[in-house]
Amino acid sequence: AGSERAGRTKATGDRLKEGAAINQSLSTLARVISELAKSAKSKKKPNPPFRESKLTYILKESLCGNSKTVMMAAISPNFL
């Protein structure tokens, strides 16, 4: 998931659906972060699309609250 193309990974069925869902969640996360950054510069009340994916809905408090957030990713070279 992330930036790969379905044709290149040769994913089908459930794996293809899962990859599409992950890509959608990551795109929504990018839009939320972008909206929060824009609102921080303009001092407007932010209205990011947290409810568009489960990932952003779960991270809502961490992204816009008074907390520090660390994101980690596990990347395996086995599938390259």
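Here, every reference points to the structure presented above.
A quick note: this is a predicted structure, and the numbers were derived from the prediction, not measured.

Conventions adopted
- Here, residues in each chain are numbered from 1, in the same order as that chain's written sequence.
- Reporting in this predicted model follows two pLDDT cut-offs: at least 70 for local features of residues, and 80 or more for side-chain atom pairs to be given and counted; totals over whole chains, interfaces and linings ignore these cut-offs and use all residues.
- Each side-chain value is worked out from all heavy atoms of the structure, with water and hydrogens disregarded.
- Salt bridges, as used here, are contacts in which a Lys or Arg side-chain nitrogen is within 4 Å of a carboxyl oxygen on Asp or Glu.
- The numbering of helices and of strands both runs from the N terminus, where a helix is a DSSP run of H or I of at least 4 residues and a strand a run of E of at least 2.
- Whether a residue is buried, partly exposed or exposed follows from its accessible area with a 1.4 Å probe, protein chains only, as a fraction of its type maximum: under 20%, in between, or over 50%, in that order.
- Here a residue-residue contact requires only that any non-hydrogen atoms of the pair lie within 4.5 Å.
- Here the expected span of a helix is defined as 1.5 Å times the quantity of residues minus one.

Draft legend 1. How the structure looks around the pattern of salt bridges. This model, assessed by the stated rule, comprises one salt bridge. Where Glu-52 meets Arg-31, a salt bridge forms, and the shortest distance between an N and an O atom there is 2.3 Å. Residue Glu-52 is found in the loop between helix 2 (13-42) and helix 3 (54-58), and its partner Arg-31 is found in helix 2; the two are separated by 21 residues along the sequence.

Draft legend 2. Layout of the side chain of Ser-25. Mapped onto the elements of the fold, Ser-25 is located in helix 2. According to the relative accessible area criterion, Ser-25 is buried, its value standing at 17%. When sequence neighbours within four positions are dropped, the list of residues in contact with Ser-25 reads Ser-53 and Leu-55.

Draft legend 3. Summary view of the side chain of Ser-39. Topologically, Ser-39 is positioned in helix 2. Other than its neighbours up to four places away in sequence, Ser-39 contacts Lys-44 and Pro-46.

Draft legend 4. Quick peek at helix 2. Here helix 2 contains 30 residues, and its C-alpha end-to-end distance of 44 Å stays within 8% of the 44 Å for a straight helix at 1.5 Å per residue. Contacts made by the buried residues of helix 2 are with helix 3 and helix 4 (60-64). Phi for Lys-43, located one or two positions after helix 2, is positive at around 60 degrees.

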